[in-house]
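Understanding the architecture of this molecule
Residue strings, one per chain:
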Amino acid sequence: MERGKNLKTNITEFLLLGFSDLQAELQLTVFLFFLSAYLLTLFCNILIIVIITIDFQLHVPMYLFLRNLSFLEMCSITVTAPKAMQIFVSGDKSISFLGCASQMLVFFTVAVSECLFLTVMAFDRYLAICCPLRYSSIMSKETCHCLTVASWLVGFLLTLGQTIFIFSLPFCASNHIYHFFCDIPPVLSLACTNIFINQLSVFIVCSVAAVIPFLLILCSYANIAYSIALIKSTTGRHKAISTCGSHLTSVILFYGTAMVVYLRLNAQEFGGINRGIALFYCIVIPVINPLIYSLKNKDLKSSLMKYIEI
């Protein structure tokens, strides 16, 4: 079948059936999980944002980047969790064609931006540990703002092109999305035309937005590990490791799960395992990240205690 020939979309809405096969008791359990994860994510990330904003001692690049990462995590879970919970409560599984496209656009803008932003944070740690004498002159507040805006802008532009490309396809058969949000693989599988070009395009964009940044992060940490090995002081070595541990943990969790799903061309095969992985990086990681950063960061904990005592 030629791509798009004599075909047009006659679907005005999709049905999100990600948890429709679960029994009522399990659906209640999943709903409570979504609700708890969402509220905990909002609370923890808002707390981190507020602390960093009001404590001027934390107005340094590392914490300014952490504040933006917290905002990204809030956006990520807000795009998916409320709609999934609304389906549990109302039983209405429908999402409009435009609503589905908008959800995909916002979610992957945040996801790609987070990929790039984690790379920026790795670069910040590289400069702080490997080039401490040049750190202040290179990583100024203006540079921080420019890198943050650039991450958001590139994420939006890459995702906008993919979203337009995907939703320009003809959807003229089933409108059943076996997922809890409008993810790329299950939406592509509904197109009634050859989607190889779209799959290849997604693979290329994911390689640019995820694989290349991931390799840059690995290179940064290879240099960081070498520099740490040269530190003679045990205290200095421990301090350097502690500033990188939280970020490296986030990188492994985020990239490890996302690349399993999106760096494949077989969008037709989006089964329960992939939905489970998607559940992890959409819902679980936004909960884990603020806990990782807050529990391992002495400055954040001391600042929080200072304001609690007030």
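Every chain is numbered independently, its residues counted from 1 as its sequence is written. Side-chain atom pairs in this predicted model are given and counted only at pLDDT of 80 or more, local residue features only at pLDDT of at least 70, and totals for whole chains, interfaces and linings cover all residues. Remark: hydrogens and water are excluded; side-chain values derive from all non-hydrogen atoms of the structure.

Under an unreviewed UniProt entry, the name given to the protein chain is Olfactory receptor, and the source organism is Hymenochirus boettgeri. UniProt positions are given in the numbering used here, feature names are shortened, and annotations may be inferred rather than shown by experiment. Recorded under Subcellular location (unreviewed entry), the UniProt text for the protein chain is reproduced unchanged: "Cell membrane".

Here, a disulfide means two cysteine sulfur atoms that sit within 2.5 Å of each other. Under the defined criterion, the tally for this structure stands at two disulfides. Covalently, Cys172 is tied to Cys192 through a disulfide, its sulfur atoms 1.9 Å apart. Between Cys172 and Cys192, the disulfide has an S-S torsion of 120° and is therefore right-handed. On the criterion of sequence distance, the pair formed by Cys172 in the loop between α5 (141-167) and β3 (176-177) and Cys192 in the loop between α6 (184-188) and α7 (196-230) is long-range, its members being 20 residues apart. Exposure categories follow from relative accessible area, calculated using a 1.4 Å probe and restricted to protein chains: below 20% of the type maximum is buried, above 50% is exposed, and the middle band is partly exposed. Classification of Cys172 as partly exposed rests on a relative accessible area of 28%. The class of Cys192 is buried, set by a relative accessible area of 17%. Strands here mean DSSP runs of E at least two residues long; helices mean DSSP runs of H or I at least four residues long; both are numbered from the N terminus.

A few words on the pattern of salt bridges. We count a salt bridge whenever a side-chain nitrogen from Lys or Arg sits within 4 Å of a carboxyl oxygen from Asp or Glu. Under the criterion given, the structure shown has one salt bridge. In this structure, Asp124 and Arg125 form a salt bridge, with 2.9 Å as the shortest nitrogen-oxygen distance. What makes Arg125 buried here is its relative accessible area of 9%.

Our next topic: empty space enclosed by the protein. A 1.4 Å probe that fits into a set of points on a 1 Å grid over the protein atoms alone but cannot get out defines a cavity; an open set with protein on both sides within 12 Å along at least five of seven lines defines a pocket, and lining residues are those with an atom within 4 Å of a point. Grid points are joined across faces, edges and corners, and a volume is the space filled by probe spheres set on the points. The full count for this structure, using the stated rule, is two cavities of 30 Å³ or more. Of the voids in this model, the largest cavity is the one considered here, and its volume is about 340 Å³. Sorting the residues of the lining of the largest cavity by element identifies α2 (61-90), α3 (97-130), α5, α7, α8 (234-262) and α9 (272-295) as the ones contributing at least two each. Under the scheme applied, nonpolar residues are Ala, Val, Leu, Ile, Met, Phe, Trp, Tyr, Cys and Pro; charged residues are Asp, Glu, Lys and Arg; polar residues are all the others, including Gly. Its residues assigned to classes, the lining of the largest cavity shows 21 nonpolar, four polar and two charged.

So, about the layout of surface pockets. Empty space within the largest pocket amounts to approximately 650 Å³. Along its surface, the largest pocket is lined by 23 residues, and Met62, Tyr63, Ser242, Thr243 and Asn297 are the ones closest to its centre. Of all the elements, α8 adds the most residues to the lining of the largest pocket, at seven residues. Its residues placed into classes, the lining of the largest pocket shows ten nonpolar, seven polar and six charged. A volume near 210 Å³ is recorded for the second largest pocket. In terms of lining residues, the second largest pocket is bounded by twelve residues, among which Leu47, Ile48, Pro290, Ser294 and Leu304 are the most central. If you list the elements that add at least two residues to the lining of the second largest pocket, you get α1 (24-54), α9 and α10 (298-309).

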